[in-house]
Amino acid sequence: MAADLSVSIGSLKLPNPLIAASGCFGYGLEYDQIVDLSLLGGVVSKGLFMKERQGHPPPRIVETPAGMINAIGLQGIGVHRFVKEKLPLLRERGARTFVNVCGTTLDEYVEVSKVLSDAEGVAAIELNISCPNIKEGGIQFGCSLHGTFDVVSAVRKATTLPVIPKLTPNVTDVASFAKAAEDAGADAVSLVNTFLAMAIDVETRRPKISNVLGGLSGPAIRPIAVRMVWECYQLVKIPVIGMGGITDARDALEFMLAGATAVQIGTQNFVDPFVWTKVLDGLADYMARHNVARLSDLIGAFDPTPPSVGTHL
Amino acid sequence: MPPIDIDATVIANARLSSEYSVLSLAAPEVGARALPGQFVMVKPAGVTDPLLRRPFSVFEILRDAKGVTTGISILNKRAGRSTRRLYELEAGDVVSCLGPLGQPFKTVASPARAWMVAGGVGLAPFATLAETLATLKTDTTLFYGARTGDELFYLDFFERLGVKLVLATENGARGTAGRITLPLEGALQALGGGDSAMVYACGPEPMLAAVAGLAARYHQPSQVSVERVMGCGLGGCYSCVVPVKHGDEEANLVRSCISGPVFDGAELVWD
């Protein structure tokens, strides 16, 4: 019998837990020739506001140890062009499209969500209340429990689509934000967005990216992200979508064992755009070796028994 | 067609100087498809430092004695951690190589001439362009500037293809003393009415801006190959944007990996 990799996020059924993370996969169509988009559990679009946005001046990224800092600044085509130009093509390809919704005000989150509710082919809304790179809105909501509750409540009332706030790790206790989102009616939470970071060129004494500050992603952040997913999983009942430096099936499984129902792959997609089938194969291989019939049985199946001496490598 | 991603064995890493090397890669499928001006994303295989690949113009298409394509080379200049790692690679090492990527140069044929303007490591895309132009029998000149005479590489390669050479060095050791834009402007001034030259350029951005400006001033078309910090090479990350302006529209930030790296010099907006 074929291994069952399917997972459910509320009413949303995905054939597998692998989702392309926002900002790391363009609008999905850029990867059309690289991977069959219908093979992915889902694709999250770049963050969208009502209007088009130019983003920050380059340089926008810098590599750091086992990771990268980015400050793209949410360059994007706006929700209307997305619905008109991208969504029909994503539908044609059988992609399960999650749309990353941004706003500078609470009303903008609601308005963008309404536009998407009226469109055909949106699987879910991921609320971007965690981008560290823009001045207004965004992370201001995500860094306040009240702000998180208010945005999620307002969008919840405006749409029947699944609502998934994406949480920032730049807070003291991320699980309390997952709880606020759950209380406000979120269908799931996704975490983590990037860690606020900076890098200086010591030769010139100037910043390495134009925005000075940016968000750190990649394998460097993975252990912190796993810990945060585990904390959220213990506190809330809604599904947790985990991400942060996933490069292969082992990394994906680590998040699932910590409590993630699904996982997103971001930076690794830049390193290896053909990562998707490799991780899918790796998951099937693990299930065969460990005699796991349903991948979803592994969600939160982490065993906190301390490791035996000498076997924890 | 999707790009090819292969773990390519290093055939040779010829050090041209303490900074420059030509890294030859066994990537026949990439070589068979690469067009002049296209690039590959490269890093040592199986390591997380560097994590991301870096973009390199395809320098040469490698062929065996029978003319069968065996791979590509890239012209590498040590500038940071990643390029240092590539400089240190030896034959038998393996690199991850994704490509060919991006928009190639548009070629020209007689009566138009082709003027390729290279600054330093910006020589990289012109070996393949010169080969293609030679098959088209286009009258081709390489304007090539470097810091010193020792950093003018592959001159015999271009001469064998019948390319005329105009050289400049900042220390005055060979050719014109100073920037390559000096002899370029002289040539543009000397161009007869009705004659046309397609000006191709690759090098530091101030040089590209100067070349595009000169071409425009003398009413000649230009194509420039830009190099920006790039994350993915596929349009996914939006790191490598450049301001591009069509007609009277406002400038838009455009991804140089998929809309470039070759742009119409008249459409790029320079800082």
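Colleague: Got a minute to help me understand the overall build of chain A in this structure?
Modeller: Within chain A, the regular secondary structure consists of nine helices and 16 strands. Split into buried and exposed, the 313 residues of chain A put 54% on the buried side. Once local pairs closer than 6 in sequence are excluded, the contacts in chain A between residues at least 24 apart make up 71%.

Colleague: Would you mind going over the interface of chain A and chain B with me for this structure?
Modeller: Interface size, as often reported, equals the accessible area lost upon joining of the parts. Counting from both sides, the interface comprises 27 residues of chain A and, opposite them, 19 residues of chain B. Mapped onto the side of chain A that touches chain B, the elements with two or more residues apiece are strand 5 (61-64), strand 6 (67-70) and helix 8 (268-271) of chain A. With three residues, helix 8 of chain A is the largest single contributor of residues to the side of chain A that touches chain B. In terms of residue class, the side of chain A that touches chain B is made up of 16 nonpolar, eight polar and three charged.

Colleague: Whenever I open this one, the pairing of strand 6 (residues 69-77) of chain B confuses me. Can you help?
Modeller: Looking down a regular strand, the side chains alternate between one sheet face and the other. All names here are of chain B. Examined bridge by bridge, strand 2 (residues 20-25) and strand 6 share six bridges and lie antiparallel to one another. Note on strand 6: the bridge partner recorded for V22 is L75. Counting the residues between successive antiparallel strands, the hairpin from strand 5 (residues 60-63) to strand 6 contains five residues, one of them, G67, with a positive phi of roughly 90°.

Colleague: Is there a simple way to think about the domain arrangement of chain B in this case?
Modeller: All names here are of chain B. When the domains of chain B are assigned, the result is domain 1 (4-101) and domain 2 (113-264). On a C-alpha basis, the centres of domain 1 and domain 2 stand 21 Å from each other. The interface of domain 1 with domain 2 comprises 21 residues on the first partner and 19 residues on the second. Going through the elements one at a time, strand 3 (39-44), strand 4 (54-57), strand 5, strand 6 and strand 7 (94-101) are the ones with two or more residues in the side of domain 1 that touches domain 2. A total of three residues in the side of domain 1 that touches domain 2 trace back to one element, the largest contributor, which is strand 4. For the side of domain 1 that touches domain 2, a count of residues per class yields 15 nonpolar, three polar and three charged.

Colleague: Whenever I open this one, the sheet that holds strand 4 of chain B confuses me. Can you help?
Modeller: Two pairing modes exist for strands in a sheet, parallel and antiparallel, and in both the strands are linked by backbone hydrogen bonds. Residues and elements named next belong to chain B. On the basis of which strands lie adjacent, the open sheet formed by seven strands has the order 4-3-7-1-2-6-5 and antiparallel pairing. The open sheet has two edge strands with one neighbour each: strand 4 and strand 5. When the angles between neighbouring strand axes are averaged without regard to direction, this sheet yields 40°. Looking at chain direction, strand 3 and strand 7 are connected through five bridges and run antiparallel.

How each quantity is defined
The residue count restarts for each chain, going from 1 along the sequence in the order it is written. Lettering of chains starts at A and numbering of ligands starts at 1, both following the order in which they are written. Local features are withheld for residues below a pLDDT of 70 in this predicted model, meaning they are given only at 70 or higher, and side-chain atom pairs are given and counted only at 80 or more; totals for whole chains, interfaces and linings count all residues. Only DSSP runs of H or I reaching four residues or more are called helices, and only runs of E reaching two or more are called strands; each is numbered from the N terminus. Three exposure classes are used, based on other C-beta atoms lying within 10 Å of a residue's own C-beta, which is placed from the backbone: buried for 20 or more, exposed for 12 or fewer, and partly exposed in between. A pair of residues counts as a contact when their C-beta atoms, built from backbone coordinates, are within 7 Å of each other. Residue classes follow a fixed rule: Ala, Val, Leu, Ile, Met, Phe, Trp, Tyr, Cys and Pro count as nonpolar, while Asp, Glu, Lys and Arg count as charged, and any other residue, Gly among them, counts as polar. The criterion for strand pairing is that DSSP finds at least two bridges linking the strands in question. Note that the domain bounds reflect an automated or database-derived domain assignment. Note on definitions: angles span 0 to 180 degrees between N-to-C directions of axes, and those axes are lines fitted to C-alpha atoms, for helices only across the stretch in contact.

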